[in-house]
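# Observations on the model geometry
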Amino acid sequence: MEVLIVEREVRPGVALVRLNRPESLNALNRALVAQLTDTLLALDQEESVRAIVLTGNERAFAAGADIKEMASDSAVDMLKLDQFQRWDQIKRLKKPLIAAVSGYALGGGCELAMLCDIIIASETAQFGQPEIKIGVIPGAGGTQRLTRAIGKSRAMEYVLTGRFFSAQQAEAWGLVSRVVPVELYLEEALKLAAEIAAMPPLAVQLAKQSINKVYELSLEEGLHFERRNFYLLFATEDQKEGMRAFMEKRAATWQGK
C-alpha cells in the first residue's frame, strides 16, 4: 500500500498530499518522512503547483512518530541519523503549505502541522506534544513553535503534562486559522489553497518569506526585510500587470514573472 498519495490539480494550481498509513494512525516513520520531504520538494519546483495541501484522514492527521522504530536507538544513533534535517527542508519550501487536520495531531504530527504555513482543523482535531510520557521531549520543533504560537505558560503546561488540547482551544489560542465541521475540513483547506494559488506566485512567495522572518528578526530588521521584498516585486511583470488590471478594472493574468 502507498504510504503517501499525491494528487495534482485537485483545484487549479493546487496539489494534495495525503499521509496514508491508516493502520498506524499515520505514524511518521523514517520512510514516510523521507518520501514526504522528497515529494514536497518536488512539488515546490513544479511551476503548475502554486499551493499544497497536506492531510491525513478523519481519524488522524498523524498520531506521532513511529516509536517502535526508535525505541532501541542510542544518542549516537539519533545523532548519526540526523532525521530532523528533513524537517528543515520542509520549512524552506517556497510555496504555501496548508495542513488540513482531523483527529489526532500528536507529537511529530503536531510538529508537522505547525511546520505548515496555515492549519485548517476539523472540530474533532486533537493536538498535543505527549513525548514527556515516553521519557523524551519534542524534538522536531514542538517546544519552540508551540511556545511561539500559544505562549510560554500554556506551552509549559501542555508539554510538561503531555495533555492533549482541542481544535477549539487551538483556534482560540491562535494555533489554527479556523475550525470547521469534520465533513468540511479538507474542502475548506482546498478552497483556501485555490484562493492563494490564484494570486501572483512571486508575491505569495515573498509574503510567506517575510511573515516567517517574524520569528527570526527584530522588528527593525523585519521591517527592512519586508521593505526589500516589497521593492523587489516592482521588478516583476506581475506587478505591472496587477496594477494595470486594477486601473483598467479587469481581472489580472499572473505569469509568475
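Above: the structure in question.
Residues numbered from 1 in each chain as written. Predicted model: local features only at pLDDT ≥ 70, side-chain atom pairs only at ≥ 80, totals over all residues. Heavy atoms only, no water.

### Considering the sheet that holds strand E7 (residues 118–122)
- With mixed pairing, the six strands of this open sheet are ordered in space as E1-E2-E3-E5-E7-E10. Two strands in the sheet have a free side with no partner beyond their single neighbour: strand E1 (4–11) and strand E10 (178–180). Put simply, the sheet's adjacent strands are angled 25 degrees from each other on average, direction ignored.
- Here strand E2 (residues 14–19) runs beside strand E3 (residues 51–55); their pairing, made up of five bridges, is parallel. Of the residues in E3, the one forming a bridge with Leu16 is Val53. (Pairing = 2+ DSSP bridges. Helix = DSSP H or I, 4+ residues; strand = E, 2+ residues; numbered from the N terminus. Axes fitted to C-alpha atoms, helices over the stretch in contact; angles between N-to-C directions.)

### Regarding unusual backbone geometry
- Located in the positive-phi region is Leu25, a residue other than glycine, with phi close to 55 degrees.
- Phi at Lys249 takes a positive value of approximately 55 degrees, unusual for a residue other than glycine.
- Here Lys249 shows up in the segment after helix H12 (237–247).
- For Lys249, a relative accessible area of 77% corresponds to the exposed category. (Buried < 20%, exposed > 50% of the residue type's maximum accessible area, 1.4 Å probe, protein only.)

### Some points on the pattern of salt bridges
- Under the criterion given, the structure shown has 12 salt bridges.
- The salt bridge involving Arg21 is made with Glu23; its shortest N-O contact spans 3.8 Å.
- The class for Glu23 is exposed, based on a relative accessible area of 57%.
- Arg250 serves as the salt-bridge partner of Glu241, at 2.8 Å between the closest nitrogen and oxygen.
- Put simply, Glu241, Arg244, Glu248 and Arg250 are held in one network by salt bridges that share partners. (Salt bridge = Lys/Arg side-chain N within 4 Å of Asp/Glu carboxyl O.)

### Focus: the packing of helix H5 (residues 108–115) against helix H6 (residues 142–150)
- Where H5 contacts H6, the two axes come as close as 10 Å, and the packing angle between them is 55 degrees. Comparing their axes, H6 and H5 come out oblique. Every pair of crossing elements has a handedness; the one defined by H5 and H6 is left-handed. Along its contact with H5, which presents Glu111, Met114 and Leu115, the element H6 presents Gly142, Arg145 and Leu146. (Parallel < 35°, antiparallel > 145°, perpendicular 65-115°, else oblique. Left-handed = near helix turned anticlockwise from the far one by under 90°. Contact = heavy atoms within 4.5 Å.)

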